Amino acid sequence: MVTTIAKTRPMPKSKSPTAPRLSVTLAMLWRSVYRDAFDSYRPELHYMRGPGPKWRARHGLAATVPAEPAAPTQAHATPATA
């Protein structure tokens, strides 16, 4: 009786068992680029500079009007030529 033993080839070893595969790395990169390029949140659109007209109306305050510039003082007046 003849018995044949098949010799199996060893499995190829990866460089590191925790190293991510190229396809996984590329997928993560693509998701990151896509998310950054098409992100609809723009914080400058939500930036508040202070109370608005609705807040003033609720609290009974008049809208603030910028004051007119004061008359020039002697130090800031242009010298008159005689």
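Just above, that's the structure.
All of the points below concern the structure found in this document.

Thresholds, definitions, all that
- Residues numbered from 1 in each chain as written.
- Predicted model: local features only at pLDDT ≥ 70, side-chain atom pairs only at ≥ 80, totals over all residues.
- Heavy atoms only, no water.
- Helix = DSSP H or I, 4+ residues; strand = E, 2+ residues; numbered from the N terminus.
- Expected span 1.5 Å × (residues − 1).
- Buried < 20%, exposed > 50% of the residue type's maximum accessible area, 1.4 Å probe, protein only.
- Phe/Tyr/Trp six-rings, centres within 6.5 Å; stacked < 30°, edge-to-face > 60°.

### A look at helix H1 (residues 22-37)
Owing to its 3.6 residues per turn, the α-helix aligns residues three or four sequence positions apart on the same side. Across its 16 residues, H1 extends 22 Å between first and last C-alpha, which sits within 8% of the 22 Å expected from 1.5 Å per residue. Burial within H1 is sparse, with just 0 of its 16 residues counted as buried.

### Considerations on the packing of aromatic side chains
For the coordinates displayed, the defined rule picks out 2 aromatic pairs. Plain terms: the ring middles of Trp 30 and Tyr 34 are 6.2 Å apart, the flat faces sit at 35° to each other, and that makes the pair tilted. A residue pair is termed a helical-turn pair when its members lie 3 or 4 positions apart in one helix, as Trp 30 and Tyr 34 do in helix H1 at 4 residues. Among the residues examined, Trp 30 registers a relative accessible area of 58% and is labelled exposed. For Tyr 34, a relative accessible area of 46% corresponds to the partly exposed category. Their ring planes at 50° and their centres at 4.8 Å tell us that Tyr 34 and Phe 38 sit as a pair that is tilted. A residue is classified by how much of its surface remains accessible, and Phe 38, at 59% relative accessible area, is exposed. Among the aromatic residues, those joined into a cluster by ring pairs are Trp 30, Tyr 34 and Phe 38.

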